[in-house]
Amino acid sequence: MLEDTDTNDDVWKSDRMVANWVAGTEERERRRGEQRRLMADLLPFEDDEPFTFVDLGAGTGAATRVVLDRFPRAEAILAEYSPQMTAEGRRALADYQGRFTYVEFDLAAGDWPDEVPTGVAAVISSMCVHHLPDRRKRELFSEIFEHLAPGGWYLNYDPVTTDDPLVEAAWLRAGDRQDPEAAAKRQHPSPEEQRRHENHVRYMIPLPLQLDFLRAAGFEAIDVYWKQLDYVIYGGRKPPQPGS
Ligand SMILES: C[S@@+](CC[C@H](N)C(=O)[O-])C[C@H]1O[C@@H](n2cnc3c(N)ncnc32)[C@H](O)[C@@H]1O
């Protein structure tokens, strides 16, 4: 039902919304540093190994930057559908010139651009898969599997929901105590914050379903590698070719 009334463009292709989002980057990334570094540490490469990875829904490249820092010979393909986020990202990644390419990709539509080759070593995504309807989440995980080299990893850092009201209340209680400002914003949002929130939660689903999608796509080594309240890092590996 919701799939017909998508508000995503109103948020991510709006100059004003993107400018506000970018203004909050420093504060957001202070909270997310540990999770970003863990995503990079989970990748199975030697420190000086050259490899190409794809960052889906890359935004301004916050996840990409940490992987590029962690692996100085890695190169990134950042897939993004918002011209505003892409322009901001090119600016934010100026120090990594020659090590990244932005490609236009609407993850909701599903036609992978030719610039994303098959056989990439790793795919990452953060804070983006929850913007896709379930059908696309499921399809996307299969498409990622197809684009990975054997032995390649997919990792996703994202918020999830729960079906259990008691769990939800516990998440809110602890979250509000940890960040009283966020609690105040939630209780008295501006019209813009309200629009962003509604867009943020509209396709968010519980974690077990997403792990099922990974399993159905064929991944192994599936795990929730990190979790705090409603935020998780999960992922898995495409099996290596037999005998390799
Ligand atoms: C919350 S931001 C996260 C950006 C970045 N991954 C990060 O962790 O900072 C969500 C990103 O997903 C992108 N996005 C939303 N829907 C998309 C779609 N259908 N196709 C591609 N990108 C999309 C937005 O433009 C935005 O850059």
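Quantities reported herein were computed from a predicted structural model and do not represent experimental measurements.

Basis of the calculations
Starting afresh in each chain, residues are numbered from 1 along the sequence in its written order. Reporting in this predicted model follows two pLDDT cut-offs: at least 70 for local features of residues, and 80 or more for side-chain atom pairs to be given and counted; totals over whole chains, interfaces and linings ignore these cut-offs and use all residues. Only hydrogens and water are removed before side-chain values are computed, so all heavy atoms of the structure are retained for them. Secondary structure elements are defined from DSSP: runs of H or I of at least 4 residues count as helices, runs of E of at least 2 residues count as strands, and each element is numbered from the N terminus. Buried, partly exposed and exposed residues are distinguished by accessible area as a fraction of the type maximum, computed with a 1.4 Å probe on protein chains only: under 20%, between the cut-offs, and over 50%, respectively. Residues count as neighbours in contact if any of their non-hydrogen atoms are within 4.5 Å of one another. We get accessible surface area from the Shrake-Rupley algorithm with a probe of 1.4 Å; when it comes to residues, only the shown protein chains can shield them. Any two rings among Phe, Tyr and Trp, with Trp reduced to its six-membered ring, count as a pair given centres within 6.5 Å; such a pair is stacked if its planes are under 30 degrees apart, edge-to-face if over 60, and tilted if neither. The rule is short: NZ of Lys or CZ of Arg within 6 Å of the ring centre and within 35 degrees of the ring normal puts a charge over the ring. For two strands to be treated as a pair, DSSP must find at least two bridges joining them. Crossover handedness is defined here as right-handed if the route from the first strand over the helix to the second strand goes clockwise, with the strands pointing away from the viewer. Only C-alpha atoms enter the line fits that serve as axes; for helices the fit covers just the stretch in contact. Angles between N-to-C directions range over 0 to 180 degrees. Being near a molecule or strand, for a residue, means having at least one of its heavy atoms within 4 Å of it. Polar contacts, as counted here, are pairs of nitrogen or oxygen atoms within 3.5 Å of one another; within protein the pair requires one atom able to donate a hydrogen and one able to accept it, and residues that are adjacent in sequence qualify only if both atoms are side-chain atoms. Ten residues, namely Ala, Val, Leu, Ile, Met, Phe, Trp, Tyr, Cys and Pro, are considered nonpolar, four, namely Asp, Glu, Lys and Arg, are considered charged, and the remaining ones, Gly among them, are considered polar. Residues grouped as a nonpolar core are buried Ala, Val, Leu, Ile, Met, Phe, Trp, Tyr and Cys residues, joined through side-chain atoms within 4.5 Å.

1. Topic: the overall build of the protein chain
Broken down by element type, the protein chain carries 10 helices and 7 strands. With the C-alpha coordinates of the protein chain rotated into their principal frame, the extents come out at 55 × 40 × 35 Å. Here the protein chain holds 244 residues, and the buried ones make up 47% of them. For the protein chain, the share of sequence-separated contacts (at least 6 apart) that also reach a separation of at least 24 residues comes to 72%. A total accessible area of about 12,500 Å² is found for the protein chain, and carbon and sulfur atoms account for 50% of it.

2. A short note on the packing of aromatic side chains
One pair of aromatic rings is described through two measures. These are the centre distance and the angle between the planes. Under the criterion given, the structure shown has 13 aromatic pairs. The interplanar angle of 80 degrees and the centroid separation of 5.2 Å between the aromatic rings of Phe-51 and Phe-71 together place this pair among those described as edge-to-face. Here the residue Phe-51 occupies a position in the loop between α3 (25-42) and β1 (52-56), and Phe-71 occupies one in the loop between α4 (62-70) and β2 (75-80), the gap between them amounting to 20 residues. Phe-71 gets classed as buried once you look at its relative accessible area, which sits at 0%. Each residue in the set Phe-141, Phe-145, Tyr-154, Phe-219 and Tyr-234 is aromatic and connected to the rest through ring pairs, giving one cluster. Directly above the ring of Phe-145 sits Lys-238, whose terminal nitrogen or CZ lies 4.9 Å from the centroid.

3. Here we look at the pairing of strand β4 (residues 120-126)
Here is the key point about a regular strand: its side chains alternate between the two faces of the sheet. Burial analysis of β4 places 7 of its 7 residues in the buried class, which makes it a mostly covered element. Here β1 pairs with β4 via 4 bridges, running parallel. Directly across from Val-54, in β4, lies its bridge partner Val-123. Strand direction decides the pairing type here: β4 and strand β5 (residues 148-159), joined by 6 bridges, are parallel. Its bridge partner lying in β5, Val-123 is registered against Tyr-154. In this fold, β4 hands off to helix α6 (residues 134-147), which returns the chain to β5; that crossover is right-handed.

4. What to know about the sheet that holds strand β3 (residues 100-104)
Read across the open sheet, the 7 strands follow the order β3-β2-β1-β4-β5-β7-β6; overall the sheet is mixed. Edge positions in the sheet fall to β3 and β6 (220-228), since each has one partner strand and no second. Between one strand and the next, the sheet's axes are offset by a mean angle of 15 degrees, whatever the strand orientation. With 6 bridges joining them, β6 and strand β7 (residues 231-237) adopt antiparallel strand pairing. Note that in β7 the partner of Trp-226 across the bridge is Ile-233.

5. Things to note about the site of the ligand
In the region of the ligand, 19 residues are neighbours, and Asn-8, Gly-57, Glu-80, Leu-107 and Ser-126 sit closest. Within the contact set of the ligand, an oxygen atom lies 2.7 Å away from a side-chain nitrogen or oxygen of Ser-126. The fraction of the free accessible surface of the ligand (580 Å²) that becomes covered by protein chains is 97%. Of the residues in the shell around the ligand, the class split is 11 nonpolar, 5 polar and 3 charged.

6. Remarks on the nonpolar core
Residues Leu-56, Phe-141, Ile-144 and Tyr-154 are the most contacted members of the largest nonpolar core, which totals 31 residues. Only β1, β2, β4, α6, β5, α10 (207-217) and β7 provide two or more residues apiece to this core. In terms of residues, this core owes the most to one element, α10, which gives 5 residues. Sequence-distant contacts of Phe-141, that is, excluding residues within four places in its chain, are made with Val-129, Tyr-154, Gln-210, Phe-213, Leu-214, Ala-217, Phe-219 and Tyr-234.

7. Regarding the environment of Pro-117
Positionally, Pro-117 belongs in the loop between β3 and β4. Residue Pro-117 is classed as partly exposed on the basis of its relative accessible area of 37%. Between the C-alpha atom of Pro-117 and that of Val-54, which follows or precedes it by 63 residues, the distance is 9.6 Å. The contacts of Pro-117, once residues within four sequence positions are left out, are Ile-77 and His-147.

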